[in-house]
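Results of the structural survey
So you can see what is in the structure, the chains are spelled out below.
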Amino acid sequence: MNLFFRFLFHTFISNHLKPLEFNSTEEVSLRVWPNDLDLNFHLNNGRFLSLMDIGRSRLSVRTGLFKMAKKMGWGYGVVGGVSITYLKSLQLFQKFTLKTKLAGHYDGWFYIEQRFESRGRLIAAALVKVIFTEKGSRVS
């Protein structure tokens, strides 16, 4: 439930931030909280994926993509695939930055690069494949 409130908070905040160009990088500063930990006491690998939702939502709101999709009658962006590489661990209360940007698009799919960075080091990097839908069918 904590992540749900974090998600709502950051999505709300993104409505009040300066708009971004479509090819800009969205950056959000976050921290590892106790409920983000796994049995090894570092950020859970599944939590990385959940936190990436925050970055993609902020990017879509700040670039106007969310508003345009809503105006066109499209549903929310649906993840079709994720490739992630974990390089380092994030420890309890450690601050980190999630950077999200559009890497490209092809055949209706948006490819989004997301990077977790802390203390000047790359922690994890992912490429996410997203598509919008309209009445259950993909928008090309």
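Higher on the page you've got the structure.
Residues numbered from 1 in each chain as written. Predicted model: local features only at pLDDT ≥ 70, side-chain atom pairs only at ≥ 80, totals over all residues. Heavy atoms only, no water.

A few points about the overall build of the protein
Along the backbone of the protein there are three helices and seven strands. For 140 residues, the compact-globule formula gives about 14 Å, and the C-alpha radius of gyration of the protein, at 15 Å, lands near that figure. For the C-alpha atoms alone, the extent of the protein along its principal axes is close to 45 × 30 × 30 Å. Evaluated residue by residue, the protein yields a buried proportion of 37% over its 140 residues. Contacts spanning at least 24 positions in sequence make up 67% of the contacts within the protein whose residues lie at least 6 apart. Of the roughly 8500 Å² of accessible surface on the protein, 56% is carried by carbon and sulfur atoms. (Helix = DSSP H or I, 4+ residues; strand = E, 2+ residues; numbered from the N terminus. Rg over C-alpha atoms; globule rule 2.2 N^0.38 Å. Buried < 20%, exposed > 50% of the residue type's maximum accessible area, 1.4 Å probe, protein only. Contact = heavy atoms within 4.5 Å. Areas by Shrake-Rupley, 256 points an atom, 1.4 Å probe, with all protein chains shown as cover.)

Quick look at the side chain of T63
One can find T63 in helix 2 (residues 45-63). Beyond its immediate sequence surroundings of up to four residues, T63 is in contact with L20, E21 and F22.

Considering a nonpolar patch on the surface
A cluster of nonpolar residues, L49, V79, V82 and Y86, forms a patch on the protein surface that exposes about 300 Å² of accessible area. Among the elements that take part in the nonpolar patch, strand 2 (residues 78-86) stands out by supplying three residues, more than any other. By the element assignment, V82 lies in strand 2. The class of V82 is partly exposed, set by a relative accessible area of 41%. (Patch = residues over 30% accessible without salt bridge, like charges linked within 9 Å, V, L, I, M, F, W, Y side chains within 5 Å. Salt bridge = Lys/Arg side-chain N within 4 Å of Asp/Glu carboxyl O.)

Here we look at the packing of aromatic side chains
Overall, the coordinates contain six aromatic pairs when judged by the stated rule. With 5.6 Å between their ring centres and 40° between their planes, W74 and F132 make a pair best called tilted. Of this pair, W74 sits in the loop between helix 3 (65-72) and strand 2 while F132 sits in the loop between strand 5 (121-131) and strand 6 (133-134), placing them 58 residues apart in sequence. Residue W74 shares its accessibility class with F132, and that shared class is buried. Seen in terms of ring centroids, F96 and F116 are 5.8 Å apart; in terms of plane orientation they differ by 40°. Their pairing is tilted. (Phe/Tyr/Trp six-rings, centres within 6.5 Å; stacked < 30°, edge-to-face > 60°.)

Remarks on the nonpolar core
Buried together is how nonpolar side chains tend to be arranged in soluble globular proteins. One finds F48, L51, L90, F96, F116 and F132 to be the most contacted residues of the largest nonpolar core, which totals 26 residues. Every element with two or more residues in this core is listed here: strand 1 (26-31), helix 2, helix 3, strand 3 (95-106), strand 4 (109-118) and strand 5. Residue contributions to this core peak at five residues, all from strand 5. Residues in contact with F96, not counting those within four places in the same chain, are V28, S29, L30, R31, V32, L51, L90, F116, E117 and S118. (Core = buried A, V, L, I, M, F, W, Y, C linked by side-chain atoms within 4.5 Å.)

Some points on helix 2
In this model helix 2 runs 28 Å from its N-terminal to its C-terminal C-alpha over 19 residues, within 8% of the 27 Å that 1.5 Å per residue would give. For helix 2, the buried fraction is high: 14 of the 19 residues fall into the buried class. Here helix 2 starts with a cap whose side-chain oxygen sits 2.6 Å from the backbone nitrogen of G46, and that cap is N44. (Expected span 1.5 Å × (residues − 1). Polar contact = N/O pair within 3.5 Å; in protein donor to acceptor, adjacent residues only side chain to side chain.)

Some thoughts on unusual backbone geometry
You will see that D107, though not glycine, has its phi angle at about 55°, which is positive. Structurally, D107 can be placed in the loop between strand 3 and strand 4. Residue classification places D107 among the partly exposed residues on the basis of a relative accessible area of 46%. Non-glycine residue R119 carries a positive phi angle of around 55°. Tracing the chain through its elements places R119 in the loop between strand 4 and strand 5. Residue R119 is classed as exposed on the basis of its relative accessible area of 69%.

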